[in-house]
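Okay, here's what each chain looks like letter by letter:
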Amino acid sequence: MNRIGKLTLTGAALGVAALLAAHVPPASSQDGGPAGKKGPGRMARMHGGIAEAPLITIALKHKSELNLSTEQTAELEKIRTHYQTQVAPLQQQLAAIEKEVFTLSQQSPANLIQIKAKIQEGEKYRSELRYLRIEALENGKSVLSNEQQEKLKTLARSRFENFREQQPPQAS
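By convention here, each chain's residues receive numbers from 1 onward along its written sequence. It should be noted that, the model being predicted, local features are given only for residues of pLDDT at least 70 and side-chain atom pairs only at 80 or more, the latter also being counted only at that level, while totals for whole chains, interfaces and linings use all residues. With hydrogens and water set aside, each side-chain value is computed from the structure's full complement of heavy atoms.

## Some details on the confidence of the model for the protein chain
- Averaged over all residues, the pLDDT of the protein chain equals 77, while 68% of them reach at least 70.
- Per-residue confidence from the predictor is reported as pLDDT, a score between 0 and 100. Contacts: residue pairs with any heavy atoms within 4.5 Å of one another. Low pLDDT, under 50, characterises residues 4-51; the predicted model gives this stretch 82 contacts beyond four residues in sequence or across chains.

## Concerning the environment of valine 87
- Counting from the N terminus, the helices are DSSP H or I runs at least four residues long and the strands are E runs at least two residues long. Secondary-structure assignment places valine 87 in helix 5 (residues 70-106).
- Each C-alpha atom of the pair valine 87 and glutamate 128 lies 8.7 Å from the other, and the pair is 41 residues apart in sequence.

## So, helix 7 (residues 146-166)
- Helix span, expected: 1.5 Å multiplied by one less than the number of residues in the helix. For helix 7, which comprises 21 residues, the first-to-last C-alpha distance of 30 Å matches the rise-based estimate of 30 Å (1.5 Å per residue) to within 8%.
- Turning to helix 7, its buried residues number three or more, namely Gln148, Leu152, Leu155, Ala156, Phe160 and Phe163. Taken end-on, helix 7 shows its buried residues confined to a sector of 135°, consistent with a single buried face. Every exposed residue of helix 7 that faces more than 90 degrees away from the buried side is listed here: Asn146, Glu147, Arg164 and Glu165. Relative accessibility decides the category of a residue: with a 1.4 Å probe and only protein chains considered, values under 20% of the type maximum give buried, values over 50% give exposed, and everything between is partly exposed. In this context, the arc is that of the directions from the helix axis out to the C-beta atoms.

## Here's the deal with the side chain of glutamine 72
- Here glutamine 72 lies in helix 5.
- Judged by relative accessible area, which is 14%, glutamine 72 ranks as buried.
- Not counting residues within four places of it along the chain, the set of residues in contact with glutamine 72 comprises Asn67, Val143, Leu144, Ser145 and Gln148.

## Quick look at the nonpolar core
- We define the nonpolar core as a collection of buried residues of types Ala, Val, Leu, Ile, Met, Phe, Trp, Tyr and Cys that are connected through side-chain atoms lying within 4.5 Å of one another. Core analysis: the largest hydrophobic core is formed by 28 residues, its most contacted members being Leu55, Ile56, Ile58, Leu66, Leu76 and Leu152.
- For this core, the secondary structure elements donating two or more residues are helix 3 (55-61), helix 5, helix 6 (112-143) and helix 7.
- In terms of residue count, the dominant contributor to this core is helix 5 (9 residues).
- Those residues within four positions of leucine 76 in sequence are excluded, and the remaining contacts are Ile56, Ala59, Leu60, Leu68, Gly140, Val143 and Leu144.

## Topic: the environment of serine 142
- By the element assignment, serine 142 lies in helix 6.
- Spatially, the C-alpha atoms of serine 142 and glutamine 72 are 10.0 Å apart, while their sequence positions differ by 70 residues.

## A few points about the pattern of salt bridges
- Here a salt bridge means any side-chain nitrogen of Lys or Arg lying within 4 Å of a carboxyl oxygen belonging to Asp or Glu. All told, the structure shown has 6 salt bridges when counted by the stated rule.
- A salt bridge links lysine 118 to glutamate 121, with the shortest nitrogen-to-oxygen separation between them at 3.2 Å. With lysine 118 and glutamate 121 both in helix 6 and 3 residues apart, this pair spans about one turn of that helix.
- Because the salt bridges share partners, they merge into one network encompassing Glu98, Glu123 and Arg126.

## Quick word on unusual backbone geometry
- That bond from serine 108 to proline 109 is cis: its omega, 0°, falls within 30 degrees of zero.
- Considering the arrangement of structural elements, one finds proline 109 in the loop between helix 5 and helix 6.
- A positive phi is found at asparagine 67, a non-glycine position, where the angle reads about 55°.
- Its place among the elements puts asparagine 67 in the loop between helix 4 (63-66) and helix 5.
- Judged by its relative accessible area of 61%, asparagine 67 is exposed.

What follows is the structure, given as structure tokens:
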């Protein structure tokens, strides 16, 4: 391969790695990060709107406004804890895979076949994390009455609007 071809291939691999690092939606827990921590997942989730908000956490923070019973509160806490327990090892695996993709992309020349395989492996973890999140949200909804669900949507919408107001304007 000639010098220009190698530079092009290396540049493409670095570009893919940069895109992955900058655009990959982080796998996040109900709190926006690893168990009990707020993190970068919060911003990515907020771009998805209200449907992506950490509804179980919002419900637990607003249990008095939602008139949650002791049983409902306990069940929501159980659902959140179970979710966090399930996703923690998957998040760790995904982080390790992303690190491998980055490391592979730094090699010259980069092995694009290995990089693609790692990216595909990471997508399997993202898919499972997404499913587990939806499962937790559905389980959480089943604990709430229709009235409580509507109130929760209003609270989440309000939280989202407040978040958007606090953000600096984006340059175009």
